Number of protein chains: 2
Amino acid sequence: MMADTHRTTHICPHSLILTPESRRPAGCCRHLARFVQISGEARLALGEILVARLREREPDASTAALIKERLRFACAPCIVTVVGQPIRGHKVPEIEQLLSGGAVCLSLLHAAHALGFAAQWLTSWVAYDPVVKARLGLDNDEQVLGFIHIGSAAEPASERPRPALNDRLSQWAP
Amino acid sequence: MMADTHRTTHICPHSLILTPESRRPAGCCRHLARFVQISGEARLALGEILVARLREREPDASTAALIKERLRFACAPCIVTVVGQPIRGHKVPEIEQLLSGGAVCLSLLHAAHALGFAAQWLTSWVAYDPVVKARLGLDNDEQVLGFIHIGSAAEPASERPRPALNDRLSQWAP
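This section reports on the structure supplied with the text.

Cut-offs and rules
- Residues numbered from 1 in each chain as written.
- Chains lettered and ligands numbered in written order.
- Predicted model: local features only at pLDDT ≥ 70, side-chain atom pairs only at ≥ 80, totals over all residues.
- Heavy atoms only, no water.
- Helix = DSSP H or I, 4+ residues; strand = E, 2+ residues; numbered from the N terminus.
- Contact = heavy atoms within 4.5 Å.
- Areas by Shrake-Rupley, 256 points an atom, 1.4 Å probe, with all protein chains shown as cover.
- Salt bridge = Lys/Arg side-chain N within 4 Å of Asp/Glu carboxyl O.
- Buried < 20%, exposed > 50% of the residue type's maximum accessible area, 1.4 Å probe, protein only.
- Least-squares fit on C-alpha atoms with pLDDT ≥ 70 in both.
- Core = buried A, V, L, I, M, F, W, Y, C linked by side-chain atoms within 4.5 Å.
- Phe/Tyr/Trp six-rings, centres within 6.5 Å; stacked < 30°, edge-to-face > 60°.
- Disulfide = S-S within 2.5 Å.
- Buried area = accessible area lost by both parts, 1.4 Å probe.
- Polar contact = N/O pair within 3.5 Å; in protein donor to acceptor, adjacent residues only side chain to side chain.
- Nonpolar A, V, L, I, M, F, W, Y, C, P; charged D, E, K, R; others polar.
- Pairing = 2+ DSSP bridges.
- Axes fitted to C-alpha atoms, helices over the stretch in contact; angles between N-to-C directions.
- Parallel < 35°, antiparallel > 145°, perpendicular 65-115°, else oblique.
- Left-handed = near helix turned anticlockwise from the far one by under 90°.

Attention now moves to the overall build of chain A. The helix and strand inventory of chain A stands at five helices and six strands. Scanning chain A from its N terminus toward the C terminus, one meets helices and strands in the order β-α-β-α-α-β-α-β-α-β-β. Long-range pairs, those at least 24 residues apart, make up 78% of the contacts in chain A with a sequence separation of at least 6. Summed over its atoms, the accessible surface of chain A is roughly 8400 Å², and 54% of this surface lies on carbon and sulfur atoms.

To continue, consider the pattern of salt bridges. Throughout the structure, instances matching the rule amount to 14 salt bridges over all chains. Across the pair Arg34(A) and Glu142(A) runs a salt bridge, and its minimum N-O distance is 2.8 Å. Here Arg34(A), found in strand β2 (residues 33-39), pairs with Glu142(A), found in the loop between α5 (130-135) and β5 (143-153); they are 108 residues apart in sequence, far enough to count as distant. For the pair shown, Arg34(A) and Glu142(A) are each scored as buried. A salt bridge links Asp129(B) to Arg53(B); its shortest N-O distance comes to 2.8 Å. Highlighted residues: Asp129(B) in the loop between β4 (118-122) and α5 (130-135) and Arg53(B) in helix α2 (residues 41-57), separated in sequence by 76 residues. For the pair shown, Asp129(B) and Arg53(B) are each scored as buried.

This next bit is on the relation of the copies chain B and chain A. Aligned on chain A, chain B shows an RMSD of 0.0 Å; the corresponding rotation is 180° and the shift along the axis is 0.0 Å. Taken together, the rotation and translation describe the operation of a two-fold axis. Mapped onto chain A, 100% of the interface residues of chain B again fall at the interface, so both copies present the same surface.

With that out of the way, let us pick up the nonpolar core. Residues Val82(A), Ile148(A), Val82(B) and Ile148(B) are the most contacted members of the largest nonpolar core, which totals 42 residues. Those residues in contact with Val82(B) that lie beyond four places of it in its chain are Ala33(B), Arg34(B), Phe35(B), Val104(B), Cys105(B), Leu108(B), Gln143(B), Val144(B), Leu145(B), Gly146(B) and Ile148(B).

All names here are of chain A. As enumerated under the stated definition, the model contains two aromatic pairs over all chains in all. Plain terms: the ring middles of phenylalanine 73 and phenylalanine 147 are 4.9 Å apart, the flat faces sit at 75° to each other, and that makes the pair edge-to-face. You can see phenylalanine 73 sitting in the loop between α3 (63-70) and β3 (78-84) and its partner phenylalanine 147 sitting in strand β5, a full 74 residues away along the chain. Assessed through its relative accessible area of 1%, phenylalanine 147 is described here as buried.

A few words now on the state of the cysteines. Every disulfide links exactly two cysteines, by a covalent bond between their sulfur atoms. Scanning all chains against the criterion turns up zero disulfides over all chains. Between Cys75(A), a cysteine without a disulfide, and Cys78(A), which holds the nearest cysteine sulfur, the sulfur-to-sulfur distance is 14 Å.

Attention now goes to unusual backbone geometry. As a rule of thumb, non-glycine residues mostly have phi less than zero, and peptide bonds are mostly trans rather than cis. All names here are of chain A. Here the phi dihedral of serine 124 falls at roughly 85°; this positive angle occurs in a residue that is not glycine. Inspection of the secondary structure assignment puts serine 124 in the loop between β4 (118-122) and α5. On the basis of relative accessible area, serine 124 is assigned to the partly exposed category, the value being 26%.

Reports of interface size often rely on the accessible area that becomes lost once the parts have come together. Each side of the interface is counted separately: chain B has 52 residues, and chain A has 52 residues. With both sides pooled, the region where chain B packs onto chain A buries about 5000 Å², and carbon together with sulfur makes up 62% of that total. Per-residue buried area on chain B facing chain A is highest for Leu99(B), Arg168(B) and Trp172(B); these three make up 18% of the total on that side. Across the chain B-chain A interface, the total number found is 23 residue pairs in polar contact (both at pLDDT 80 or more). Top element by residues in the side of chain B that touches chain A is helix α4 (residues 94-114) of chain B. It accounts for ten residues. Along the lines of polarity and charge, the residues of the side of chain B that touches chain A split into 28 nonpolar, 15 polar and nine charged. Where β2(A) lies against strand β6 (residues 169-171) of chain B, three bridges are found, and the strand directions are parallel. Looking at the pairing, Val36(A) lines up with Ser170(B) of β6(B).

Below, the discussion takes up the pairing of strand β5 (residues 143-153) of chain B. All names here are of chain B. Among the eleven residues in β5, ten count as buried, and that is most of the element. Examined bridge by bridge, β4 and β5 share five bridges and lie antiparallel to one another. The partner of alanine 119 across the bridge, within β5, is isoleucine 150.

Moving on to the packing of helix α4 (residues 94-114) of chain A against α4(B). The geometry of α4(A) relative to α4(B) is characterised by a closest axis approach of 7 Å and an angle of 60° between their N-to-C directions. Between α4(A) and α4(B), the interaxial angle falls into the category oblique. Crossing of α4(A) over α4(B) shows right-handed handedness. Of the residues in α4(B), those touching α4(A) at Ile95(A), Leu98(A), Leu99(A), Gly101(A), Gly102(A), Ala103(A), Leu106(A), Ser107(A) and His110(A) are Ile95(B), Leu98(B), Leu99(B), Gly101(B), Gly102(B), Ala103(B), Leu106(B), Ser107(B) and His110(B).

Here it is as structure tokens:
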């Protein structure tokens, strides 16, 4: 959970964005991600777009569901949309392009936390809906890899169940 | 470049492996990756398997190419194979499962560097060849997401061209 506190401006410094680029794994000589920043009043305007779109998709959507969409981008002061641009037929397999995009998203989380912010990597139907994608300015062949919500922590992150390492780690032998 | 130095044993402590699991992005309640560690003499045995397989694939492979395969896993003392286990039909879209796997790989790199090691995330044909995958113990539906080579830096990492941020960052407006 994140609070829209007083630090609502300029919390997405360029250094934060640059970090993932500088740490992108090897093999990808072309640039495989771009960033669309959503902040300020635009967050609420996007919420209205989502409400309208949900009404189209689900005419019987509940009031609670509509409110959730209205506020989807209102919880954090800054959201960085990581947009993947897969290159078909590139020497780097598409699966590696995606893995690289996942690394970019995680780097943004790490960079945000390193700067003292809290951050969450979220997606939902919004990341896949063609109408919403078009309104966000994405081309047909682009994909939202994540909405990185960046703000200040309103409460500590909850712990998650952790796997037993011994179940997931093996030593290879010929 | 990494050197197989004196620190050849126990350089893959469990804490290093656990780190990515603990930082896995939200949404994936099931475990989507497992780890196969390759170290010690097994690295050379795997090299011989690669040589034999390359001869099958490319009967005219050059001596240099065969030597490259023989030494592919010999440069770093420890290689952690990150194995993705996609779950078809899961509520988490497969693209997000892959992105999560990319995050796991990057977390391993970060964890290794945080512990004072150098690390590289590599793939190559070895990650996709069905015979090699079978010899590594992977099921048909599993995929190598990366070989994380962990060791000590023999030389500083070379700098890469960096993108111009202004070309890749935009501010969304309705």
